[in-house]
Amino acid sequence: MNIDVYQQSFDTGNYTIVDSYSKALRRINDNSTVLCSISGGSDSDIVLDIIHNVDDSGKVTYYWIDTGFEYQATKDHLDYLENKYDIQIKRIKPKKSIPVCVSEYGVPFVSKYVSEQMMRLQLHKFQWEDEPLKVLLERYPNCKTALQWWCNAYYTAENGVQQMSRFSINRNKWLKEFIMQNPPDFPISNKCCEYAKKKPAKQFIKEMDADIEITGIRKSEGGIRSANYKSCFSESKSKGCGTYRPIFWYADGDKRDYEQFYGVNHSRCYTEYGLKRTGCVGCPFNPRITEELEIIQKYEPKLYTAAVNIFGKSYEYTKKYRDFVKMMKSKDKEGNL
Ligand code: SF4
C-alpha cells in the first residue's frame, strides 16, 4: 500500500483531501480491474492526480470517450496529461458521434428529461393539445409516461388520475404554454447522451470486465448528475461494476486547496478561454449557452460553425422559449395573466 502519499495528504491541512486519499487507497487496493474515466475537465484533473498518486502498481486503465465533437483544447490537454503522468489514456470512439445522433434522431432541448419526453410524444405524432390525461391516453396509447409528463398527472386503475409534481412539465416554467403556442417543427431527442456517451462507456466497462469505474462527479456541482448519488460509492447493476467518485465530497474550496498543494494545471478551456465548466461543446442544455458560444466563436471558430450547424434549431427554439418565459413573467407581475 502506498502509505507515503497518504501521509503527504495530511500536509494539505484539509481533512476532505486526507479522507479522499484514504478511501482511494482502499478502493484501488481492493479491486483488480480498475477503470478511470477522464473528461479533460477540472474535476477529472484532480481525480486523475489522486488516482495516479495512489496507484503505485499501475493497475488503473484511463479512458476518454470521444463524442466526435470536442474542443481542440481538451484533446491537447489529454496529450499533456499523458506526458505529465507517463500514462496512456485510451480514446474510445462511440458507434454514433454527437453530430450523427443529432442528424438521425433530433436536437437536445432544455434538459435530458424534457428532450426524452418530447421525443416520445413526437414519435406518437402528438399534436401538443391541452386535453385531460384520460382523453390523451385513449388518443395516444403506449405513450403513458410522456403524456403524464405533459399533463402533470399520473393515472392508475386503482386511484384514477392524480396530480404529479415530479417528472412533470410544470418543472419548467411556462414550457407547456410555450410549446402549445410554438409546436416544434423539427425532431427533438436526447439520443446523443445515450449513443455518444453512455453506451460507449458501458461497452468499454463490459469489454474490460471492470470491477470498479472511477469518475469525477462532485456533490456540490449540483444538477441531476450529482443528485443521483448519495455517497462516493455505488454499485450499478446496469453497468455491472461499482462506481467510485473520489472527489464526491469536495467543495470548491477543497478543489482550490488541492490544485495549489499538488500543482494541478487545467486545460486551456479554463485558463485561456475562461470557461467555468467543460461539458459537451455547445450543448443546448447549458443555461449559459450564449456566453459559451461567444467563447467558442473566439477561440475555436471552426467548432463554433459546426455547433451552429448541429444544434442551431435548438438554439433558436431555446431563445424563443426564454423570451417567452420573460414575457410571461412580466405579464404575471403586472397582473395581466
Ligand atoms: S450533454 Fe448535450 S451534447 Fe452532450 S451528449 Fe448529452 S445532449 Fe448531447
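As the structure is a computational prediction, the values presented were derived from the model and not from experiment. (Residues numbered from 1 in each chain as written. Predicted model: local features only at pLDDT ≥ 70, side-chain atom pairs only at ≥ 80, totals over all residues. Heavy atoms only, no water.)

1. Let's talk about empty space enclosed by the protein
For the coordinates displayed, the defined rule picks out one cavity of 30 Å³ or more. Looking at the largest cavity, its volume works out to about 40 Å³. Thr 16, Asp 19, Ser 20, Lys 23, Cys 232, Pro 246, Trp 249 and Tyr 250 together form the lining of the largest cavity. Residue classes in the lining of the largest cavity are distributed as four nonpolar, two polar and two charged. (1 Å grid on protein atoms, 1.4 Å probe; cavity = no way out; pocket = protein on both sides within 12 Å on 5 of 7 lines; lining within 4 Å. Points joined across faces, edges and corners; volume = space filled by probe spheres on them. Nonpolar A, V, L, I, M, F, W, Y, C, P; charged D, E, K, R; others polar.)

2. Notes on the side chain of Ser 314
With respect to the helices and strands, Ser 314 occurs in helix α15 (residues 301–333). Looking at Ser 314, its side chain comes within polar contact range of the main-chain oxygen of Pro 108, at 2.6 Å. Excluding residues within four positions of it along the chain, Ser 314 makes contact with Val 107, Pro 108, Phe 109 and Pro 284. (Helix = DSSP H or I, 4+ residues; strand = E, 2+ residues; numbered from the N terminus. Polar contact = N/O pair within 3.5 Å; in protein donor to acceptor, adjacent residues only side chain to side chain. Contact = heavy atoms within 4.5 Å.)

3. Examining the domain arrangement of the chain
Taken as a whole, the chain is organised into domain 1 (3–99 + 192–268) and domain 2 (110–181). Computed over C-alpha atoms, the centres of domain 1 and domain 2 are 37 Å apart. (Domains from an automatic or database assignment.)

4. Considering the packing of aromatic side chains
Summed over all chains, the structure comprises 25 aromatic pairs. Taken together, a centroid distance of 5.0 Å and an interplanar angle of 50° make the contact between Phe 178 and Tyr 317 tilted. Here Tyr 317 lies in helix α15 and Phe 178 lies in helix α9 (residues 175–181), a separation of 139 residues in the sequence. Residue classification places Tyr 317 among the buried positions, given a relative accessible area of 6%. Counting every residue linked through ring pairs, the aromatic cluster contains Phe 109, Phe 178, Phe 186, Tyr 317, Tyr 321 and Phe 324. Against the face of Trp 174 rests Lys 173, its NZ or CZ located 5.0 Å from the ring centre. Above the plane of the ring of Tyr 229 lies Arg 245, whose end atom (NZ or CZ) is 3.8 Å from the centre. (Phe/Tyr/Trp six-rings, centres within 6.5 Å; stacked < 30°, edge-to-face > 60°. Buried < 20%, exposed > 50% of the residue type's maximum accessible area, 1.4 Å probe, protein only. Lys NZ or Arg CZ within 6 Å of the ring centre and 35° of its normal.)

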